[in-house]
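# What the coordinates show
So you can see what is in the structure, the chains are spelled out below.
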Amino acid sequence: MSQFFNGIGKIPYEGKESTNPLAFKYYNPDEIIAGKPMREQLKFALSWWHTMGGDGTDMFGVGTADKTWGESTPEARAKAKVDAAFEIMEKLSIDYYCFHDRDLSPEYGSLAESNAKLDEVVDYLAQKQKETGKKLLWGTAKCFDHPRYMHGASTSPSADVFAYTAAQIKKAIEATVKLGGNGYVFWGGREGYETLLNTDMGLELDNMARLMHMAVDYGRSIGFTGDFYIEPKPKEPTKHQYDFDTATVLGFLRKYGLDKDFKMNIEANHATLAQHTFQHELNVARVNGVFGSIDANQGDPLLGWDTDQFPTNVYDTTMCMYEVIKAGGFTNGGLNFDAKARRGSFTPEDIFLSYIAGMDAFALGYKAALKLYEDGRIEKFIADRYASWKTGIGADIIAGKMDFTKLEQYALSRGEVTDSLTSGRQEMLESIVNNVLFSL
Ligand code: XLS
Ligand code: NI
Ligand code: NI
């Protein structure tokens, strides 16, 4: 096999005392944690677009990193990307990957030709998966970068664009099924609007749902048994994205009867763009039974866009994994690094250093979250705080035995309620988190 990273060997786990930059300090793939190897608990995935294609190009400048993989034709480059990606995954002990169709293979002259070339890459991926045991976490279609999608894909005012979108997604679902993926993601890249002066929002939302129903019907008909995901994001590229946040998407899924087939793919940076915390989005998904998968990255609090940084904030990874633990762990989902090294971190070695940083942040966060959960102080505090719902009037309300008249009688007879209010103890709880985190 050709080697793209000759100077870099398999990244070892050396433990927290290690100062070797090319070693894991916390991620020990085969260590058993909560009954399973860490690699199976965390289910890390490489994102094809950032890692194999992202060269640092931004609004103000050209790329800084070479992501040509030594090839000048699109066909040869697509194949070289596969070899390089599998080398990265092997060396970093990453078991999964995620793709957009066009990251695997670009568009050629016609849809038929693009499909045929994509098939070749998918066949090659299938072969590599067989040889290495690596797996596909989820697939998706890039229905946002070509000019035809300038006004949206399934929400375009053009019915022809809707048809093209359907054709592209049909093929991407076929590729996902062929590669054994248990997830298919809809991130509504340009499904939103810039101005209501030219937009029929009602029709656009109905059409988005129509396309998703067709996707579900087709996916199930060809044997896709995994989860469809929607990845909420409030803005960027459009001013107002329809999949604003988890709560908005839930309303959409329920209105259109899609909630049985769809779960959420929660991205950290999208949560902050929606002015939520990462944990908030995960919690909303969990308590509504639609927690699915995670795009692991972090934004910059001083920048209002999707910076997609590799996650290093251990408070965030801890509270994220706390939600994952409370959700019962991953089933079809996992932790996809929808993250890119900074434009100034342009060397091949930076790919490894940034994944190591992100994976260690999640491994440490997972250990902290488990300890916090097992410690039990937070859970007990919450349970005690709602104790009034276990007996007496609270239990009667939950049992459906109460109505307004009875509650009024109760309130009149009971008098003022100040004696049953207790402190929220936020500061104490925050210090418990610190206590657990820093005694690991
Ligand atoms: C962009 C999204 C995108 C999705 C996949 O902001 O995060 O990368 O994860 O289409
Ligand atoms: Ni994402
Ligand atoms: Ni994003």
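These remarks concern the structure in this document. This is a predicted model, so every value here is computed, not measured.

### What about helix α5 (residues 111-132)?
- For α5, built from 22 residues, the straight-helix expectation of 32 Å at 1.5 Å per residue is met to within 8% by its first-to-last C-alpha distance of 31 Å.
- If you check which residues of α5 are buried, you get S114, N115, K117, L118, V121, V122, Y124, L125, K128 and Q129.
- In this structure, the buried side of α5 is in contact with α2 (48-53), α3 (74-92), β4 (96-100), α4 (101-104), β5 (135-140) and α6 (159-178).
- Residue G133 follows α5 closely and has a positive phi angle near 80°.

### A look at the coordination of the nickel ion (ligand 2)
- In this structure, E231 (OE), E267 (OE), D295 (OD) and D338 (OD) serve as the protein donors to the nickel ion (ligand 2), at separations of 1.9 to 2.1 Å.
- Of note is the nickel ion (ligand 2), whose six donor atoms meet at the metal with angles of 82 to 172° in an arrangement that counts as octahedral.
- Along the chain, the residues donating to the nickel ion (ligand 2) are arranged with the sequence spacing E-x35-E-x27-D-x42-D.
- Between the two metals, the nickel ion (ligand 2) and the nickel ion (ligand 3), the spacing is 3.7 Å, and E267 donates to both. With E231 in the loop between β8 (227-230) and β9 (240-241) and D295 in strand β11 (residues 291-295), this pair connects stretches of sequence that are 64 residues apart. The residues E231 and D295 share a single accessibility class, namely buried.

### Brief notes about the packing of aromatic side chains
- Counted according to the given criterion, the structure contains 23 aromatic pairs.
- When the centroid spacing of 5.0 Å and the interplanar angle of 75° are considered together, the rings of Y27 and F44 count as edge-to-face. Of the two residues, Y27 sits in the segment before β1 (32-33) while F44 sits in strand β3 (residues 44-47), which places them 17 residues apart along the sequence.
- For F44, a relative accessible area of 2% puts it in the buried group.
- Over the ring of Y124 we find K79; its NZ or CZ atom is 4.6 Å from the centre of that ring.
- Against the face of Y108 rests K117, its NZ or CZ located 5.2 Å from the ring centre.

### As for the pairing of β4
- Burial analysis of β4 places five of its five residues in the buried class, which makes it a mostly covered element.
- Side-chain alternation along β4 places Y96, C98 and H100 on one buried face and Y97 and F99 on a second face that is also buried.
- Of the pairings in the sheet, the one linking β3 to β4 comprises three bridges and is parallel in character. Paired with A45 across the bridge in β4 is Y96.
- Bridge count for β4 against β5 is five bridges, and the pairing is parallel. Among the inter-strand pairings, H100 is bridged to a residue of β5, identified as T140.

Rules used in this analysis
- Residues numbered from 1 in each chain as written.
- Chains lettered and ligands numbered in written order.
- Predicted model: local features only at pLDDT ≥ 70, side-chain atom pairs only at ≥ 80, totals over all residues.
- Heavy atoms only, no water.
- Helix = DSSP H or I, 4+ residues; strand = E, 2+ residues; numbered from the N terminus.
- Expected span 1.5 Å × (residues − 1).
- Buried < 20%, exposed > 50% of the residue type's maximum accessible area, 1.4 Å probe, protein only.
- Contact = heavy atoms within 4.5 Å.
- Donors = N, O, S within 2.8 Å, 3.2 Å for Na, K, Ca; no water.
- Tetrahedral: all angles 85-135°; square planar, octahedral: opposite > 155°, others 65-115°.
- Phe/Tyr/Trp six-rings, centres within 6.5 Å; stacked < 30°, edge-to-face > 60°.
- Lys NZ or Arg CZ within 6 Å of the ring centre and 35° of its normal.
- Pairing = 2+ DSSP bridges.

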